[in-house]
Amino acid sequence: MSIYIKKSDFDTIAAHAAAELPNEACGLIAGRLDGEDRFIEKVYLLSNPDRSPEHFSIDPKEQLSAIKDMRQNGFVPLGNFHSHPSTPARPSEEDIRLAHDPKASYLILSLSEKEPVLKAFRIADTKVTQDSIKFIL
Amino acid sequence: MKLTVAGNVKEYEDGLTVAKLIELEKVETPEYVTVSINDEFVPGDTFEETVLNHCDSVEFLYFMGGGAYDIHQ
């Protein structure tokens, strides 16, 4: 499976993550499915009620609002994203423990390097599978 | 009665509870699902006794969270 994301959406996520420093940033991704591949058509920049550099959660009210917007736009929920301000873009034990949707794509943006690094994972029964991310215009 | 479940209108028997709807809809990992009825969130410990009404709109949301606190460079 590959995740296709527009460069502009990547930049939007990276800017959101930078704006939320030193805390983790989070949001949702939506789009369309094409066979095994997933195309991100819209990103939802949400608040992190935890306001923590080491933890995030998604506000259910914001989540519900985003889900309705996805439906109105004909998009399907694809998963979520969050940032790791100072650690690599790989799921932590906490990320794995709290990954309850086996169909979701979990995107992690690391800000620990000079340039932001985005990686995508699926997590089911604590088993982590990394998917490739492909950037499109 | 008619319910809108995750945006889809479906027919269900009267007297359906949230817990039974979760079962009928085969919601995966239901212990981590938040439920809203007409945009109001339902406490998880009331799913068994919360009865749905005709034309209710129900959403299932997975709790989403995590964090990097246990990652070391």
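A brief report on the enclosed structure follows. Just so it is clear, the model here is predicted, and its values are computed rather than measured.

1. Let's talk about the interface of chain B and chain A
On the side of chain A, 32 residues touch chain B, which itself brings 22 residues to the contact. Where chain B touches chain A, the interface holds 3 salt bridges. Here R71(A) makes a salt bridge to E59(B), at a shortest N to O gap of 2.5 Å. Remark: the boundary between chain B and chain A carries 13 residue pairs in polar contact (both at pLDDT 80 or more). Elements with a contribution of two residues or more to the side of chain B that touches chain A: β5 (57-62) and β6 (65-66) of chain B. If you tally residues by element for the side of chain B that touches chain A, the top one is β5(B), at 3 residues. By residue class, the composition of the side of chain B that touches chain A is 10 nonpolar, 8 polar and 4 charged. Where strand β4 (residues 56-57) of chain A meets β6(B), 2 bridges bridge the pair, whose relative direction is antiparallel. Of the residues in β6(B), the one forming a bridge with F56(A) is G66(B).

2. A closer look at empty space enclosed by the protein
One pass over the full model with this rule turns up 2 cavities of 30 Å³ or more. A per-class count over the lining of the largest cavity returns 4 nonpolar, 3 polar and 1 charged. The space that makes up the second largest cavity amounts to roughly 30 Å³. If you go around the second largest cavity, the residues you meet are P60(A), Q63(A), T34(B), L61(B), Y62(B) and F63(B). Among the secondary structure elements, those contributing two or more residues to the lining of the second largest cavity are α2 (60-73) of chain A together with β5 of chain B. For the lining of the second largest cavity, a count of residues per class yields 4 nonpolar, 2 polar and no charged.

The rules behind the values
As a convention, each chain's residues are numbered from 1 in the sequence order in which they are written. Naming scheme: in the order in which they are written, chains are lettered from A and ligands are numbered from 1. The predicted nature of this model means local features are confined to residues of pLDDT at least 70 and side-chain atom pairs, given and counted, to a pLDDT of 80 or more, with totals for whole chains, interfaces and linings taken over all residues. Computation of side-chain values covers all heavy atoms of the structure but excludes hydrogens and water. The contact definition used throughout considers only heavy atoms, calling two residues in contact when any of these lie within 4.5 Å. For salt bridges, the criterion is a side-chain nitrogen of Lys or Arg within 4 Å of an Asp or Glu carboxyl oxygen. Nitrogen and oxygen atoms within 3.5 Å of one another constitute a polar contact, given that in protein one can donate a hydrogen and the other can accept it, and given that sequence-neighbouring residues count only through two side-chain atoms. Numbering of helices and strands runs from the N terminus; a helix is a DSSP stretch of H or I covering at least four residues, while a strand is a stretch of E covering at least two. In this classification, the charged set is Asp, Glu, Lys and Arg, the nonpolar set is Ala, Val, Leu, Ile, Met, Phe, Trp, Tyr, Cys and Pro, and all remaining amino acids, among them Gly, are polar. Here a strand pair is declared whenever DSSP counts at least two bridges between the two strands. Think of a 1 Å grid over just the protein atoms. A cavity is a set of points where a 1.4 Å probe fits yet cannot get out, a pocket is an open set with protein on both sides within 12 Å along at least five of seven lines, and lining residues have an atom within 4 Å of a point. Grid points are joined across faces, edges and corners, and a volume is the space filled by probe spheres set on the points.

Everything listed is a geometric property; what it means functionally is a separate question.
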